[in-house]
Amino acid sequence: MTDTYRHKGMRRALVEEITNKGITDMSVLKAIGKIPRHEFLDSSFDRFAYNDVAFPIGSGQTISQPYTVAFQSEMLEIKRGDKILEVGTGSGYQACVLSELGAKVYSIERQKKLYDKTSKFLSKLGYHLNLFYGDGYAGLPTYGPFDKIIITAGAPEIPKKLLLQLKIGGWMVVPIGGDDGQVMTKVTRIGEKEFNQETFGDFAFVPMLKNKAK
Ligand code: SAH
């Protein structure tokens, strides 16, 4: 794996681009500036790695747009040691950003092939996260409750089981909607059975699907 001056330069330009688009959290910008995103893509796509766009990673899935990763990360307001559940490990890029922010990351992926590939890749890259092959709709009840939950696929509605895996005072960041786009939504657990919902603009994700896939 090589991280050249050219890559570092492209990464600095990307950080500047997402800063101009409105990301202000310095620790998020620092994480984006550190993680070698080009390593997450097939080497033939090296030159696109620091464009602010989503990119295919195989199995019909994508690595999210850096601005979107930064936006969701910023919404999580991570404090060192926060226990975070991510649904949709995908390439592992978002999970690495969370780890750089000091979170204890638990991430679930429903596609076996991606799970296998990303698990191997992340440990090679030096990130030792808690990765699971499973259905994000079920969450990880035995590992919860979580300080915050991030969903990185478009959910047709708020996944109810996951809300109950949040600590009181914690929140979930989830894009809600169908194929024609989603609304970024923050659901805060303010009491045992009380939740507060806020929205944060339009985004486009691949769908959050039911059940595991081989
Ligand atoms: N966070 C990823 C983005 C991946 S795209 C990254 O940084 O690269 C969304 C991912 O969610 C896909 O890999 C998809 O397979 C996964 N996914 C969709 N529905 C899911 C579910 N119910 N449980 C777990 N993962 C799911």
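Summarised in this report is the structure supplied together with it. Values in this document were obtained by computation on a predicted structure and should not be read as measured data.

Analysis parameters
- Residues numbered from 1 in each chain as written.
- Predicted model: local features only at pLDDT ≥ 70, side-chain atom pairs only at ≥ 80, totals over all residues.
- Heavy atoms only, no water.
- Helix = DSSP H or I, 4+ residues; strand = E, 2+ residues; numbered from the N terminus.
- Rg over C-alpha atoms; globule rule 2.2 N^0.38 Å.
- Buried < 20%, exposed > 50% of the residue type's maximum accessible area, 1.4 Å probe, protein only.
- Areas by Shrake-Rupley, 256 points an atom, 1.4 Å probe, with all protein chains shown as cover.
- Lys, Arg positive; Asp, Glu negative; His and termini not counted.
- Charge placed at Lys NZ, Arg CZ, Asp CG, Glu CD.
- Near = heavy atom within 4 Å.
- Polar contact = N/O pair within 3.5 Å; in protein donor to acceptor, adjacent residues only side chain to side chain.
- 1 Å grid on protein atoms, 1.4 Å probe; cavity = no way out; pocket = protein on both sides within 12 Å on 5 of 7 lines; lining within 4 Å.
- Sits in = over half its atoms within 2 Å of the grid points.
- Nonpolar A, V, L, I, M, F, W, Y, C, P; charged D, E, K, R; others polar.
- Axes fitted to C-alpha atoms, helices over the stretch in contact; angles between N-to-C directions.
- Parallel < 35°, antiparallel > 145°, perpendicular 65-115°, else oblique.
- Left-handed = near helix turned anticlockwise from the far one by under 90°.
- Contact = heavy atoms within 4.5 Å.
- Salt bridge = Lys/Arg side-chain N within 4 Å of Asp/Glu carboxyl O.
- Points joined across faces, edges and corners; volume = space filled by probe spheres on them.

Some words on the overall build of the protein
Helix and strand counts for the protein come out as 6 helices and 9 strands. Its C-alpha atoms give the protein a radius of gyration of 16 Å, within 12% of the compact-globule value 17 Å for 214 residues. By principal-axis analysis of the C-alpha atoms, the protein measures approximately 50 × 40 × 35 Å. Counting all 214 residues of the protein, 53% fall into the buried class. When the accessible surface of the protein is totalled, it reaches about 10,400 Å², and 53% of it is carbon and sulfur. Taking the 29 positively charged and 24 negatively charged side chains of the protein as two groups, their mean positions are separated by 7 Å.

Notes on the site of the ligand
What surrounds the ligand is a group of 27 residues, the closest being Gly 88, Ser 91, Glu 109, Gly 136 and Leu 209. Between the ligand and Glu 86 there is a distance of 3.0 Å, counted from a nitrogen atom to a side-chain nitrogen or oxygen. Taking Arg 110, its main chain carries an N or O atom lying 3.3 Å from a nitrogen atom of the ligand. Computed on the free molecule, the ligand has an accessible area of 580 Å², of which 99% lies beneath the protein chains in the complex. The cavity that encloses the ligand is the largest cavity. When contributions to the shell around the ligand are tallied by element, the ones reaching two or more residues are strand S2 (61–63), strand S3 (83–87), helix H4 (93–100) and strand S4 (104–109). Tallying contributions element by element places S2 first for the shell around the ligand, with 3 residues. Among the residues forming the shell around the ligand, the class breakdown is 11 nonpolar, 12 polar and 4 charged.

Describing the packing of helix H2 (residues 26–34) against H4
One can describe the packing of H2 onto H4 by two numbers: an axis separation of 9 Å at closest approach and a directional angle of 125°. As far as their axial angle goes, H4 and H2 are oblique. The interaxial crossing formed by H2 with H4 has right-handed handedness. Contact residues: Ala 31, Ile 32 and Lys 34 in H2; Tyr 93, Val 97 and Glu 100 in H4.

Some words on the pattern of salt bridges
A complete count under the given rule lists 10 salt bridges for this structure. Here Arg 6 and Asp 46 are joined by a salt bridge, their closest N and O atoms 2.8 Å apart. With a gap of 40 residues between them, Arg 6 in helix H1 (residues 5–20) and Asp 46 in the loop between H2 and strand S1 (55–58) connect regions that are remote in the sequence. Across the salt bridge formed by Glu 17 and Lys 21, the nearest N and O atoms sit 3.2 Å from each other. Its relative accessible area of 31% is what places Glu 17 among the partly exposed residues. A residue is classified by how much of its surface remains accessible, and Lys 21, at 40% relative accessible area, is partly exposed. What emerges from the salt-bridge pattern is a single network uniting Asp 3, Lys 8 and Arg 11.

Points about the layout of surface pockets
Estimates place the volume of the largest pocket at around 230 Å³. Forming the boundary of the largest pocket are Glu 39, Phe 40, Leu 41, Asp 42, Phe 45, Pro 56, Ile 57, Ser 91, Leu 114, Lys 117, Thr 118 and Phe 121. For the lining of the largest pocket, the secondary-structure elements that each account for two or more residues are S1 and helix H5 (112–125). Of all the elements, H5 adds the most residues to the lining of the largest pocket, at 4 residues.

Looking at empty space enclosed by the protein
Per the counting criterion, the structure on display carries 1 cavity of 30 Å³ or more. The volume enclosed by the largest cavity comes to roughly 350 Å³. Together, 29 residues line the largest cavity, and Gly 88, Thr 89, Glu 109, Thr 152 and Ala 153 are the ones closest to its centre. Looking at the lining of the largest cavity, the elements that each hand over two or more residues are S2, S3, H4 and S4. Tallying contributions element by element places S2 first for the lining of the largest cavity, with 3 residues. Each residue belonging to the lining of the largest cavity can be placed in one class, and the counts come to 12 nonpolar, 13 polar and 4 charged.

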